[in-house]
Protein chains: 2
Amino acid sequence: MAGELEGQRVAILAADGVERVELERPQRALEDAGAHTDVVSIERGEIQARDHDLVDAGTFTVNRLIDDVSVDDYEALLLPGGTVNPDKLRMQPSVVKFVRAFVQSGKPVASICHGPWHFVEADVARGRRLTSWPSVRTDLRNAGAEVVDEEVVTDGNITTSRSPDDLPAFCERIVQEFARTPQSTGTESRS
Amino acid sequence: MAGELEGQRVAILAADGVERVELERPQRALEDAGAHTDVVSIERGEIQARDHDLVDAGTFTVNRLIDDVSVDDYEALLLPGGTVNPDKLRMQPSVVKFVRAFVQSGKPVASICHGPWHFVEADVARGRRLTSWPSVRTDLRNAGAEVVDEEVVTDGNITTSRSPDDLPAFCERIVQEFARTPQSTGTESRS
């Protein structure tokens, strides 16, 4: 199945506090399937990764700034967790606008663990069947989502998982779902 | 005004990831006013503190476990922030039950920064005028709160502030508010 994402560009939206494995392992799965990925963030340089929220786990290089990208630049969006990461990102209007526009575009969006807070802040959780890390579920319900406790859930263009333990199922599913994307947006300008 | 909290017992509910100054400075203000404080948590030993969520900032010793305390043991409750701290605590049914019971008891409860997530999880935010760190505000609104952007807000028995910058106003207010508590509960059994 290698190559099913050949030519695809995927934005990985992350900030300080990102849970290392929730960025690294989906990134590897997407790249192994042929996708190009960019780490998109709110400041230049590097972001600090964590293991289990509290243990230093190196850094990731930021490839592009949120203010310099548009939905047209990407075929799919990945929102990893780590408690502090989405908590920082959801306060940025440019991030919230990007996430909302991406979900509304119909292109595939995937999120794991604490990442689904983005759907609360962008007000795109309403009526969606979603899962997340347990602490986020009351916030998802209050934002109108139907919350389920399953390792991976796809509802329309949104795929969610609960925790790092779900990464095998999550990585397999997002490669499948991202391969479904209509590759009509911006492909002419890909260099 | 020293001594206005003489004989009072205050529970400070916290876990790993607590923002150091949001525990330490209110604790000092309360103790300077004569209160006895206990750090109450979900595991024995120590909890790891942070500065700005990401920088190691030492530890606090846990004085009592949540499963061993009741609302009757305390005259007031303090809920500090730090993103990871309330995120961990809100997943524990014993914590949620304690916070809900405390708010419903009418005794004073104070929270700062990310701490107000407790009120979402305990479903006691509805109709309350509250403030918090900006990232928590959508969750508070979705839980039915009226969210305001002020350095310190008291609505009934709940006092809230936004961030470490508000600590001077927060500390002054909680000493005032905790002094109002009816000291009728459990005082007979204080040793």
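Just above sits the structure.
Anyway, here's the lowdown on the structure attached to this text. (Residues numbered from 1 in each chain as written. Chains lettered and ligands numbered in written order. Predicted model: local features only at pLDDT ≥ 70, side-chain atom pairs only at ≥ 80, totals over all residues. Heavy atoms only, no water.)

## Focus on the sheet that holds strand 1 (residues 9–13) of chain A
All names here are of chain A. Note the threshold: One bridge is not enough; two strands pair if DSSP finds at least two bridges between them. Helix numbering and strand numbering both begin at the N terminus, where a helix is a DSSP run of H or I of at least 4 residues and a strand a DSSP run of E of at least 2. Residues are treated as being in contact if the distance between any of their heavy atoms lies within 4.5 Å. Helix axes use the C-alpha atoms of the stretch in contact, all axes being lines fitted to C-alpha atoms, and the angles between their N-to-C directions lie in the range 0 to 180 degrees.
Strand order across the open sheet formed by seven strands is 6-3-1-7-8-12-11, with mixed pairing between neighbours. The outermost strands of the open sheet, each flanked by one partner alone, are strand 6 (64–65) and strand 11 (153–155). Helix-sheet contacts for helix 3 (residues 93–105) involve strand 1, strand 7 (76–79), strand 8 (109–112) and strand 12 (158–161), and the interaxial angle to strand 7 is about 130 degrees. Packing of helix 6 (residues 167–179) onto the sheet brings it into contact with strand 1, strand 7, strand 8, strand 11 and strand 12, and relative to strand 8 it is tilted by some 170 degrees.

## As for the interface of chain B and chain A
Selection criterion: Buried area: the accessible surface (1.4 Å probe) lost by two parts on joining, summed over both. We define a salt bridge as a side-chain nitrogen of Lys or Arg found within 4 Å of a carboxyl oxygen belonging to Asp or Glu. Polar contacts, as counted here, are pairs of nitrogen or oxygen atoms within 3.5 Å of one another; within protein the pair requires one atom able to donate a hydrogen and one able to accept it, and residues that are adjacent in sequence qualify only if both atoms are side-chain atoms. Side-chain classes follow a simple rule in which Ala, Val, Leu, Ile, Met, Phe, Trp, Tyr, Cys and Pro form the nonpolar group, Asp, Glu, Lys and Arg form the charged group, and the remainder, Gly included, forms the polar group.
The interface is formed by 22 residues belonging to chain B together with 22 residues belonging to chain A. Together, the buried faces of chain B and chain A total about 1900 Å²; carbon and sulfur atoms form 55% of this surface. Inspection of the chain B/chain A interface yields two salt bridges. Applying the counting criterion to the chain B and chain A interface returns 12 residue pairs in polar contact (both at pLDDT 80 or more). Elements represented by at least two residues in the side of chain B that touches chain A include exactly helix 2 (84–89), helix 4 (117–121) and helix 5 (137–142) of chain B. When grouped by side-chain class, the residues that make up the side of chain B that touches chain A number eight nonpolar, six polar and eight charged.

## Brief notes about the relation of the copies chain B and chain A
Convention followed: Least-squares superposition aligns the copies on the C-alpha atoms of those residues with pLDDT at or above 70 in both.
By a simple turn and slide, chain B fits onto chain A: the slide is 0.0 Å along the axis, the RMSD is 0.0 Å, and the turn is 180 degrees. Read as a symmetry element, the transformation amounts to a two-fold axis.

## A few points about the side chain of Glu121 of chain A
In plain terms, the rule: A 1.4 Å probe rolled over the protein chains alone gives each residue an accessible area, and that area as a share of the maximum for its type sets the label: buried under 20%, exposed over 50%, partly exposed in between.
With respect to the secondary-structure elements, Glu121 of chain A resides in helix 4 (residues 117–121). With relative accessibility at 18%, the residue Glu121 of chain A sits in the buried group. Contact partners of Glu121 of chain A, with chain neighbours within four places excluded, come to Arg90, Val96 and Arg100 of chain A together with Ser135 and Thr138 of chain B.

## Some details on the packing of helix 1 (residues 20–32) of chain A against helix 6 of chain A
All names here are of chain A. Let me state the cut-off plainly: Between 65 and 115 degrees an angle is taken as roughly perpendicular, under 35 as roughly parallel, over 145 as roughly antiparallel, and anywhere else as oblique. Crossing handedness is defined as follows: a turn of the near helix away from the far one that is anticlockwise and smaller than a right angle gives a left-handed crossing, while the clockwise case is right-handed.
Here helix 1 crosses helix 6 at 45 degrees, and the two axes come no closer than 9 Å. Here helix 1 lies oblique to helix 6, going by the angle between them. Helix-helix and strand crossings are classified by hand; for helix 1 and helix 6 the assignment is right-handed. Contact residues: helix 1 offers Val21, Glu22, Arg25, Pro26, Ala29 and Leu30, while helix 6 offers Leu167, Pro168, Phe170, Cys171, Ile174, Val175 and Phe178. Looking at the contact of helix 1 with helix 6, its residues break down into 11 nonpolar, no polar and two charged.

## Some words on helix 1 (residues 20–32) of chain B
Residues and elements named next belong to chain B. As a reminder of what qualifies: To estimate how far a helix should reach, multiply one less than its number of residues by 1.5 Å. Note: the arc covers the axis-to-C-beta directions of the helix.
For helix 1, which comprises 13 residues, the first-to-last C-alpha distance of 18 Å matches the rise-based estimate of 18 Å (1.5 Å per residue) to within 8%. Within the sequence span of helix 1, burial applies to Glu22, Leu23, Pro26, Gln27, Ala29 and Leu30. Buried residues along helix 1 cover an arc of 165 degrees about the axis, so they all sit on one side. Following helix 1 by one or two positions, Gly34 adopts a phi angle in the positive range, close to 105 degrees.

## With respect to the environment of Thr138 of chain A
Residue placement: Thr138 of chain A occurs in helix 5 (residues 137–142). As a C-alpha pair, Thr138 of chain A and Arg162 of chain A span 24 residues in sequence and 14 Å in three-dimensional space. The residues touching Thr138 of chain A, leaving out its near neighbours within four places in the chain, are Arg90, Val120 and Glu121 of chain B. Here Glu121 of chain B takes part through its side chain, which lies 2.7 Å from a polar atom of the side chain of Thr138 of chain A.

## Points about the environment of Ser161 of chain A
Residue and element names in this part refer to chain A. Mapping Ser161 onto the fold places it in strand 12. Sequence-wise, Ser161 and His52 are 109 residues apart; in three dimensions their C-alpha atoms are separated by 16 Å. Only 2.5 Å separates the side chain of Ser161 from the backbone oxygen of Glu151, close enough to count as a polar contact.

## Things to note about the sheet that holds strand 5 (residues 55–61) of chain B
All names here are of chain B. Ordered by their spatial adjacency, three strands build an open sheet running 2-4-5, and the pairing between neighbours is mixed. At either margin of the open sheet sits one strand with a lone partner, and together these are strand 2 (18–19) and strand 5. Relative to strand 4 (residues 46–51), strand 2 runs parallel, the two being bridged by two bridges. Residue pairing in the sheet places Glu19 in a bridge with Arg50 of strand 4.

## Concerning the pairing of strand 5 of chain B
In the case of a regular strand, side chains alternate between the two sheet surfaces. All names here are of chain B. Pairing analysis gives five bridges linking strand 4 to strand 5, with the strands arranged antiparallel. Residue pairing for strand 5: Glu46 is matched across the bridge by Thr61. Between strand 4 and the antiparallel strand that follows it, strand 5, lie three residues; His52 among them carries a positive phi value of about 50 degrees.

## Focus: the nonpolar core
Side chains that are nonpolar tend, in soluble globular proteins, to be buried together. The following threshold applies: For the purposes of this section, nonpolar cores are sets of buried Ala, Val, Leu, Ile, Met, Phe, Trp, Tyr and Cys residues that join through side-chain atoms within 4.5 Å.
Judged by nonpolar contacts, the single largest core of 62 residues is most densely connected at Leu13, Phe98 and Phe119 of chain A together with Leu13, Phe98 and Phe119 of chain B. Of all the secondary structure elements, the ones that give two or more residues to this core are strand 1, strand 7, helix 3 and helix 4 of chain A together with strand 1 (9–13), strand 7 (76–79), helix 3 (93–105) and helix 4 of chain B. Residues in contact with Leu13 of chain A, not counting those within four places in the same chain, are Val40, Ile66, Leu77, Leu78, Leu79, Pro80, Leu89, Val95, Phe98, Val99 and His118 of chain A.

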